[in-house]
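Single-letter residue listing:
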Amino acid sequence: MTENNAAIAAIDDARALLDTLLTSGWQQLHVASGDTEIFLARKDGGINPMRVVAQRPAPAIAAPAAQVGPETAVPAPHVATLEHALAVGTHVTAGQTVATVRVLDEREDVAAPVSGMIVRVDAEPGALLEYGVTLLSIAVAA
Amino acid sequence: MPIKRLFVANRGEIALRIVRAAQALNIETVVAVSDADRDSAAARLADRSIVLGPAAAAKSYLDPRLIVHAAKESGCDGLHPGYGFLSERAILPRLCAQHGIAFVGPEPDVIDALGDKLRARAMAGAAGVPLVPGSECVASSADARREGDRIGYPVLLKASAGGGGRGMVIANNGDEAEAGFHKASAEAVAAFGDGTLFMERFVPEARHVEVQLMGDGNGQVLHFGERDCSVQRRYQKLIEEAPCAAMPDHLRRQLHESAVALAASVKYRNAGTAEFLFDVQRQEFYFIEVNARIQVEHPVSEAITGFDLVQEQIRIAGGAGLSVSQQDVEINGHAIECRINAEDAARDFMPSPGRITRWEPPQGPGIRLDSHMSAGAMIPPFYDSMVGKLIVHGSDRADAIARLADAIDNFVVEGVPTTLPLHRAIIAHPDFVENRIHTRWLEQVLLPDYGKKAA
Amino acid sequence: MNGHDFPDALKQLLDEFSRSGIRELHIRKPDFELYLSTEASAARPQAATPVAAPVSAPPAQSAPAAKPASAPLTPASSLPADAVIIKAPNLGTFYRAPKPGAANYVEVGSQVQVGDELCLIEVMKLFTAVRASASGTVHAVLVEDGAMVEGGQPLFALVRD
């Protein structure tokens, strides 16, 4: 389990730093050493710089089409057969029916969890969908 | 028509057992899984697995519509319900019939009739099966006292719709019968939505014996000997043996005949079990109920008869009829099974879900393990705690006990506590070795001491 | 294994984090990332943000098949300082009602006495009633009905009268 040794070492480092933080009067602690970066904060500590960096789009990557936000997958609620789904490009609002599935002779509507545009229908009508598989994907309205 | 593709509507060791039996018959298999069981041993071995729903059983293994839909849409022409879950719910075979799927089990009307204890009791009486002295429905606490006085104490108050000990109360006199009526009825309403009760004589030191049956649905029924399942805790079996060494041959013959007569009277189809109370002092047996499915403990009957009961029930569901006749069924030696549960017997049987880190089962002649576990396997917290069944077969009871002791000593399980150490203690106890046990022996005799030793 | 494999190390850290009362702990290495936070908002998935993803590590040893404990409905930081926290006795499914369709044992604002039943925890068909360890008012229900909870996870906050 050698690949875990680095993780264990990092966890041990974090435990030591937690001890340091608790015995000090500090509100937060941020350490970067080699390839390891650790941040700890008390309740009133500052924001986490590691998360801020991660959320900022890397400048080297071309900005995506301006109106298309992150995608939300709409999963099958349980095993069912797909009857019908709205077409790619359809604008939908949260709560609106985007697909109909069938269990034996009973039909059930699947609602959009978010507002946005359908960017992909991931399943074919007539297909047996297992629980959790993606029916279609909605790009959240920007 | 023989089944070509079988849908397995269960999980755990029995799902794996059914897949293996189907494969031996060259039948394709589709296993239903919940989100928590995607990577189960049965799912990996089967030709296909289908995720029904989330981990919660109510939204996966207990939803008959999802199961039948998945079976139909995956092209299955047969469905095996295993035990537990929906195995004795008539809705499942009814839906199967509507959608052209052969159900590996009895007709739905037979399931309904046998599932209602009062109806089952009436059917047993009509077939000449001995019944424990008891009552019809009791509707009030005054009824309970009157019936108790007539039957003779102690008496047991039981839920008509019940099972597994829920809604059961023991009363030693008229006052207790009145108080017990209120308690048992409330429990029955809470557990089953039906407060109907009946009463029967309570035998304090009874053995639980049961007959393994197989019917073809046309009135022909075979038995595969009896089992003794007297090691129980809270009405849950821990150890099962076949045959019942404490029963004399003349009674054994009557027991088999009674069970076969009852099943034949309803043209029973499939594997089933007729359960009886054996009053050793009086040398009498009384009917308890019929379980209309394959049972957890079926391997001990397979061990002493040499037949594969799961294969037989699949063949029968495919219309093949019985492959053997009664004279082909010979009893050889003695078999014992222990149910290995992921529970800590030293901590009041606290369930212990988690990851198995080591799993090294014993091997050798006369040892069989039915389990879906392996090193690294996860025991999810959502379902029952059974992780496997260890079955040994010996030339006689003493030989079987010796083999089982050896097998348990050589069984390495790490990661979660199991009931294996408890089983080792049970089979080493003089009462077990000398076969002086009854259904309350474990709780009254062994467990109080076991707790102390562990503490 | 001499007691210091990955699951052990992680468990120790998690225990110490829970006890410490701090808000946030974040570790990042090229092939390993761990993010712990007591704030409900932090648990929501954020686009393109890798959160709590131990890449090459085995799952933690305590029942990873269980869904991660759901985020508290009420952030711990908003609880009164003298709140009595009722915790889960063991891992299991949290049920607020004695059976499906029945009324919940308690709601926010309910008055409870020591020993009153607050919820059920079910693991492998064993139901354990969780009882109030203090008399007072239910200030917050910290877990959603039907959620999987870990042993020791806070379930209710009570405020003594």
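Look above for the structure.
Residues numbered from 1 in each chain as written. Chains lettered and ligands numbered in written order. Predicted model: local features only at pLDDT ≥ 70, side-chain atom pairs only at ≥ 80, totals over all residues. Heavy atoms only, no water.

1. Topic: the overall build of chain C
And step 1. In terms of regular secondary structure, chain C is built from 2 helices and 10 strands.
And step 2. A buried classification covers 40% of the 161 residues belonging to chain C.
And step 3. In chain C, once contacts between residues fewer than 6 apart in sequence are set aside, the share between residues at least 24 apart is 57%. (Helix = DSSP H or I, 4+ residues; strand = E, 2+ residues; numbered from the N terminus. Buried < 20%, exposed > 50% of the residue type's maximum accessible area, 1.4 Å probe, protein only. Contact = heavy atoms within 4.5 Å.)

2. Thoughts on the interface of chain B and chain C
And step 1. Chain B puts 18 residues into the contact, and the matching count from chain C is 17 residues.
And step 2. Taken together, both faces of the contact between chain B and chain C bury some 1300 Å²; the carbon and sulfur share is 71%.
And step 3. Applying the counting rule to chain B against chain C returns 0 salt bridges.
And step 4. At the junction of chain B with chain C, the criterion picks out 1 residue pair in polar contact (both at pLDDT 80 or more).
And step 5. Those elements that provide at least two residues to the side of chain B that touches chain C are α8 (174–192), β17 (350–351), β18 (354–355) and β21 (378–379) of chain B.
And step 6. Of the residues that constitute the side of chain B that touches chain C, the class distribution is 12 nonpolar, 3 polar and 3 charged. (Buried area = accessible area lost by both parts, 1.4 Å probe. Salt bridge = Lys/Arg side-chain N within 4 Å of Asp/Glu carboxyl O. Polar contact = N/O pair within 3.5 Å; in protein donor to acceptor, adjacent residues only side chain to side chain. Nonpolar A, V, L, I, M, F, W, Y, C, P; charged D, E, K, R; others polar.)

3. Examining the sheet that holds strand β2 (residues 32–37) of chain C
And step 1. The sheet built from 4 strands is open, its strands ordered β1(A)-β2(A)-β1(C)-β2(C) with antiparallel pairing. The two strands at the open ends of the sheet, each matched to only one other strand, are β1 (28–33) of chain A together with β2 of chain C. Neighbour-to-neighbour, the strand axes of the sheet open up by a mean angle of 5°, direction not taken into account.
And step 2. Relative to strand β1 (residues 24–29) of chain C, strand β2 (residues 36–41) of chain A runs antiparallel, the two sharing 5 bridges. Looking at β1(C), one finds that Phe39(A) is bridged to His26(C).
And step 3. Each of β1 and β2 of chain C touches helix α1 (residues 6–20) of chain C; the most contacted strand, β2(C), lies at about 25° to it. (Pairing = 2+ DSSP bridges. Axes fitted to C-alpha atoms, helices over the stretch in contact; angles between N-to-C directions.)

4. Quick word on the sheet that holds strand β5 (residues 111–112) of chain C
All names here are of chain C.
And step 1. Ordered in space as β3-β10-β8-β5, the 4 strands form an open sheet in which the pairing is antiparallel. The strands lining the two open edges of the sheet, one partner per strand, are β3 (84–87) and β5.
And step 2. As judged from the 5 bridges shared by strand β8 (residues 136–141) and strand β10 (residues 154–160), these two strands associate in the antiparallel manner. Residue Thr137 lies in a different strand from β10, and its bridge partner there is Val159.

5. Quick word on the nonpolar core
And step 1. Core analysis: the biggest nonpolar cluster contains 83 residues, and Ile239(B), Leu422(B), Ile426(B) and Phe432(B) have the highest contact counts within it.
And step 2. It is helix α1 (residues 12–24) of chain B that contributes the most residues to this core, 7 residues altogether.
And step 3. Here Ile239(B) is in contact with Asp228(B), Cys229(B), Ser230(B), Val231(B), Ile336(B), Glu337(B), Cys338(B), His423(B), Ile426(B), Ile427(B) and Phe432(B), once residues within four sequence places are set aside.
And step 4. Counting 42 residues, the second largest nonpolar core, distinct from the first, contains Val98(A), Ala123(A), Leu136(A) and Ile111(B). (Core = buried A, V, L, I, M, F, W, Y, C linked by side-chain atoms within 4.5 Å.)

6. Some details on the environment of Ser140(B)
And step 1. Within the secondary structure, Ser140(B) sits in the loop between β6 (134–138) and α7 (141–151).
And step 2. Between the C-alpha atoms of Ser140(B) and Phe181(B), which are 41 residues apart in sequence, the distance is 7.2 Å.

7. Notes on the packing of helix α5 (residues 108–115) of chain B against helix α6 (residues 117–126) of chain B
Residue and element names in this part refer to chain B.
And step 1. At a minimum axis distance of 5 Å, the contact between α5 and α6 shows a crossing angle of 95°. As judged from the angle between their axes, α5 and α6 are roughly perpendicular. Of α6, the residues touching α5 (which contributes Asp112, Ala113, Leu114 and Gly115) are Lys117, Arg119, Ala120 and Met123.
And step 2. Classifying every residue of the contact of α5 with α6 by side-chain character gives 4 nonpolar, 1 polar and 3 charged. (Parallel < 35°, antiparallel > 145°, perpendicular 65-115°, else oblique.)

8. Remarks on the pattern of salt bridges
Residue and element names in this part refer to chain B.
And step 1. Summed over the entire model, instances satisfying the criterion amount to 50 salt bridges over all chains.
And step 2. The residue Glu200 makes a salt bridge to Arg121 at a minimum N-O spacing of 3.8 Å. Placement of Glu200 in strand β9 (residues 197–201) and of Arg121 in helix α6 is noted, with a sequence separation of 79 residues between them.
And step 3. Judged by its relative accessible area of 7%, Glu200 falls in the buried class.
And step 4. Overlapping salt bridges, with partners in common, bring together Glu210, Arg227, Lys237, Glu240, Glu275, Glu297 and Arg339 in one network.

9. Describing the side chain of His78(A)
And step 1. Residue position: His78(A) is located in the loop between β3 (68–75) and β4 (80–85).
And step 2. Among the polar contacts listed, one links the side chain of His78(A) to the side chain of Glu108(A), at a separation of 2.8 Å.
And step 3. Aside from chain neighbours lying at most four places away, what touches His78(A) is Val103(A), Glu108(A), Leu129(A), Glu130(A), Tyr131(A), Leu52(B) and Leu66(B).

10. Here we look at the pairing of strand β1 (residues 5–8) of chain B
Residue and element names in this part refer to chain B.
And step 1. Examined bridge by bridge, β1 and strand β2 (residues 28–34) share 4 bridges and lie parallel to one another. Bridge pairing links Phe7 to Val30 in β2.
And step 2. Assessed by its sense of winding, the connection that carries the chain from β1 through α1 to β2 is right-handed.
And step 3. Alignment of β1 against strand β4 (residues 78–80), held across 3 bridges, turns out to be parallel. When the bridges of β4 are listed, Leu6 appears paired with Gly78. (Right-handed = clockwise from strand over helix to strand, strands pointing away.)

11. Things to note about the packing of aromatic side chains
Residue and element names in this part refer to chain B.
And step 1. Under the defined criterion, the tally for this structure stands at 9 aromatic pairs over all chains.
And step 2. Chaining the aromatic ring pairs together yields one cluster made of Tyr61, Phe85, Phe382 and Tyr383.
And step 3. Here the basic side chain of Arg397 rests over the ring of Phe432, its NZ or CZ set 4.6 Å away from the ring centre. (Phe/Tyr/Trp six-rings, centres within 6.5 Å; stacked < 30°, edge-to-face > 60°. Lys NZ or Arg CZ within 6 Å of the ring centre and 35° of its normal.)

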